[in-house]
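Chain by chain, the residues run as shown.
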Amino acid sequence: MNLLVIGGGGREHAIIKKLKENPSVDVIYALPGNGGIAADAICVSDIGAKDIDKIVEFAKNNKIDFAVVAPDDPLALGCVDRLHEVGIPCFGPDAKAARIEASKVFSKNLMKKYNIPTASYEVFDDSQKALDYLKDAKFPIVIKADGLALGKGVLIPQNFAEAEDAVKTIMEDKAFGESGNEIVIEEFMTGPEVSVLAFTDGTAIIPMVSSMDHKRIGDNDTGLNTGGMGTIAPNPYYTKQLADECMQTIFLPTLAAMRAEGCPFKGCLYFGLMMTPNGPRVIEYNCRFGDPETQVVLPLLKTDLLTIMQAVENETLAQLDVEWHDGAAACIIIASGGYPGSYQKGKVMTFEDNLADNVVIYHAGSKLQDGNLVTNGGRVLGVTARADSLAQALKDAYKATNSVQFEGKYMRSDIGKKALAVLED
Ligand code: AMP
Ligand code: GLY
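Described below are features of the structure shown in this document. These numbers come from a predicted model, not from an experiment. (Residues numbered from 1 in each chain as written. Chains lettered and ligands numbered in written order. Predicted model: local features only at pLDDT ≥ 70, side-chain atom pairs only at ≥ 80, totals over all residues. Heavy atoms only, no water.)

## Observations concerning helix H11 (residues 305–314)
Of all the 10 residues making up H11, 7 are buried; the element is thus mostly covered by neighbouring parts of the structure. Positioned one or two residues after H11, Glu-315 has a phi angle of 60°, which is positive. (Buried < 20%, exposed > 50% of the residue type's maximum accessible area, 1.4 Å probe, protein only. Helix = DSSP H or I, 4+ residues; strand = E, 2+ residues; numbered from the N terminus.)

In structure tokens:
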């Protein structure tokens, strides 16, 4: 089979490595892919993930049997709709279903209409009205740009002055572009966060192993928000009892709501959850695999990934038994010094060839230049280890980070620390 994977980050590298395990796979094309993915797939670096016309043309010309659209942008732009139009089976939601991530106003209204537990909220398309509302609000409060904003469109002002700044930044200065035409202002919730990715064909749902992201740049969750500096799975806060509760109060109602709205969701639905004192609440939905959650979840998947993705596309997921490895996985992100602020690219990377069997290095921001792998992004690599225990996985992943060197290499030193404390309690 000829497969096509849209995207070029660590998540896509993890998806590609897993797809390759299926013996019927002949070729995988990655559009655009990256320097490290080039070892596992044929990268077409001049077709970007948002070049929908070119992607469709490429798929038609290269006898693609199945396509996986991984990032949010092409999903929101209707890449799956367009590939279906030319008869190519795909994994991923169509544009209508992708609104669950692409519009916070859509997803908040959906949750309200169908009684899915989430933070209470108001929507504004006028900055003056938003400010009037904020004058009497309780702080901290959460302000979100409506549209896609590279995970950065969420601000949490501590007082009215900061809230004024936040509204101005989003609605007037348009820091997130058109994404900020509307904003959601919502209640600040507290509690541990859990990420649950789930396979769904619109009706059946199979949640994957839960995970925990570490979003801040600095140790002990300090400093600016990033795309994610490391992950662990499973998430020890997510007990069997909470999983059962989420299935009944959040997962199944969300699928039913999307069907009722005429946009059944097929693909990977990502539930960003908070375990509040009043029970589990949805923070956000993503219409895709998380990054870097995928880099710890897929290594724990025992069942063949392509088989699952085909069952999602064919709406036969209910007939499939999906199995997971015991144990745990940890992923340490290696970033460029300066990220998430400005940073330099093009630093030559050296790799020692001594990785243990339970370790894999996923490439996020790398490219091949004159025969060398050089840095090409803020988040550069994700070093994942799988082991019998979380403690061992963390130890092995951190040890393996020493096998990579480049100028300005940065990583957090406390990934998994909170999770280990919960397990030791
Ligand atoms: P999001 O991009 O929606 O995942 O938000 C980014 C981060 O902001 C989340 O991972 C949470 O840590 C935080 N956040 C978002 N919404 C809320 C909320 N209503 N209450 C507390 N924290 C929130
Ligand atoms: N790790 C969060 C995300 O993928 O949006």
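## Quick look at the site of ligand 1
Close to ligand 1 lie 15 residues; Glu-186, Glu-187, Met-189, Glu-193 and Glu-284 are nearest. Here a nitrogen atom of ligand 1 sits 2.7 Å away from a polar atom, N or O, in the side chain of Glu-186. Glu-187 is positioned such that a nitrogen or oxygen atom in its backbone is 2.9 Å from a nitrogen atom of ligand 1. For ligand 1, the accessible surface in isolation is 470 Å², of which the surrounding protein chains cover 91%. Broken down by secondary-structure element, the contributors of at least two residues to the shell around ligand 1 are strand S7 (141–145), strand S9 (183–187) and strand S17 (279–286). Classifying every residue of the shell around ligand 1 gives 8 nonpolar, no polar and 7 charged. (Near = heavy atom within 4 Å. Polar contact = N/O pair within 3.5 Å; in protein donor to acceptor, adjacent residues only side chain to side chain. Areas by Shrake-Rupley, 256 points an atom, 1.4 Å probe, with all protein chains shown as cover. Nonpolar A, V, L, I, M, F, W, Y, C, P; charged D, E, K, R; others polar.)

## A word on the nonpolar core
Considering soluble globular proteins, one finds that nonpolar side chains tend to be buried as a cluster. Counting 50 residues, the largest nonpolar core has Leu-4, Phe-251, Phe-271 and Leu-273 as the members making the most contacts within it. Looking at this core, the element that brings in the most residues is helix H9 (residues 240–260), giving 8 residues. Residues Leu-3, Leu-19, Cys-331 and Ile-333 belong to the second largest nonpolar core, which totals 41 residues. (Core = buried A, V, L, I, M, F, W, Y, C linked by side-chain atoms within 4.5 Å.)

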